[in-house]
Amino acid sequence: MHEVNRNAHTGVDTAAIRAAARNLDDGAVTAGYQGDREEVIAMLNGALATELVCILRYKRHYYTVSGAHNGAIKAEFLEHALEEQEHADLLAERIVQLNGKPDFNPASLTARSHAEYNDAEDVAAMVKANLIAERVAIESYRQMLAKIGDSDPTTRQMLVGIMAKEEEHADDMRDLL
């Protein structure tokens, strides 16, 4: 460890700030990072798999829903698929920032996902499957946030934002039931 050298006027540990200038290969991860990086990366890869499965499910539902009265539902499925893609991109980017590797392997995608894929033909079954998946995602993010606590504020803030969007998706699906 380094000796704490606090500036009397600001309370800032200048030695820790200077240490952050070293180890450039670590990118955004400084010595002051308090999270369990490997555990956070593993959780984020699980969330990434979940988001990818959700994209596929919403896209399938978007392309297969039919009927003159289902235009709004079809549009909602597409909107959610695009938002889930944004979530996947955020998660993959954060994994890389933490010096990890985002896992996009399709062979193990459904096994790593918290949510399930669904190939329902009936509109009501599609909506119900999506509501279930959104609730699964919300609980997954809640548990990740509890596990991370205050140890990784950047990941925490990202997950809070994604979870808020998942809650909005769940409300949308519930309203369509």
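Since this is a predicted model, take the numbers as computed values, not measurements.

1. Observations regarding the pattern of salt bridges
If you walk through the whole model with that rule in mind, you get 10 salt bridges. Lys147 is the salt-bridge partner of Glu39, the closest N and O atoms lying 3.4 Å from each other. Within this pair, whereas Glu39 is found in helix 2 (residues 37-64), its partner Lys147 is found in helix 5 (residues 123-148), the two being separated by 108 residues in sequence. A salt bridge links Glu83 to Lys165; the nearest nitrogen and oxygen atoms lie 3.5 Å apart. Taken together, the residues Glu83 in helix 3 (residues 71-97) and Lys165 in helix 6 (residues 153-176) connect sequence positions 82 residues apart. Taking the relative accessible area as the measure of exposure, Lys165 reaches 24% and is therefore partly exposed. One salt-bridge network, held together by shared partners, links Glu83, Lys165 and Glu168.

2. With respect to the packing of aromatic side chains
On inspection of all chains with the given rule, the structure shows two aromatic pairs. Ring geometry for Tyr58 against Phe77: centres 6.1 Å apart, planes inclined by 50°, an arrangement best described as tilted. Placement of Tyr58 in helix 2 and of Phe77 in helix 3 is noted, with a sequence separation of 19 residues between them. The same class applies to Tyr58 as to Phe77, namely buried. Relative to Tyr63, the ring of Tyr62 has its centre 4.8 Å away and its plane inclined at 70°; by these criteria the two rings are edge-to-face. Residue Tyr62 is classed as buried on the basis of its relative accessible area of 18%. Look at Tyr63 and you get exposed, because its relative accessible area is 57%. Seen from the ring of Tyr58, Arg57 lies directly overhead, with NZ or CZ sitting 5.3 Å from the centre. One Lys or Arg, Lys74, reaches over the ring of Tyr62 and ends 4.8 Å from the middle of that ring.

3. Section: the environment of Val65
Relative to the elements of secondary structure, Val65 occurs in the loop between helix 2 and helix 3. The exposure class assigned to Val65 is buried, which follows from its relative accessible area of 6%. In the structure, Val65 is positioned 19 residues away from Gly46 in sequence and 28 Å away in space, judged by C-alpha atoms. Aside from chain neighbours lying at most four places away, what touches Val65 is Asn70, Lys74, Phe77, Val123 and Met126.

4. Remarks on the nonpolar core
Judged by nonpolar contacts, the single largest core of 39 residues is most densely connected at Leu44, Phe77, Leu91, Tyr141 and Leu159. Per-element accounting of this core gives the leading share, 12 residues, to helix 2.

5. Examining unusual backbone geometry
Located in the positive-phi region is Asn99, a residue other than glycine, with phi close to 65°. When you line up the elements, Asn99 lands in the loop between helix 3 and helix 4 (109-112). Of the residues examined, Asn99 reaches a relative accessible area of 35% and is grouped as partly exposed.

6. Description of the environment of Gly27
Along the polypeptide, Gly27 turns up in the loop between helix 1 (14-19) and helix 2. Counting along the chain gives 72 residues from Gly27 to Asn99, while the straight-line C-alpha distance between them is 7.5 Å.

Reading the values: the criteria
- Residues numbered from 1 in each chain as written.
- Predicted model: local features only at pLDDT ≥ 70, side-chain atom pairs only at ≥ 80, totals over all residues.
- Heavy atoms only, no water.
- Salt bridge = Lys/Arg side-chain N within 4 Å of Asp/Glu carboxyl O.
- Helix = DSSP H or I, 4+ residues; strand = E, 2+ residues; numbered from the N terminus.
- Buried < 20%, exposed > 50% of the residue type's maximum accessible area, 1.4 Å probe, protein only.
- Phe/Tyr/Trp six-rings, centres within 6.5 Å; stacked < 30°, edge-to-face > 60°.
- Lys NZ or Arg CZ within 6 Å of the ring centre and 35° of its normal.
- Contact = heavy atoms within 4.5 Å.
- Core = buried A, V, L, I, M, F, W, Y, C linked by side-chain atoms within 4.5 Å.

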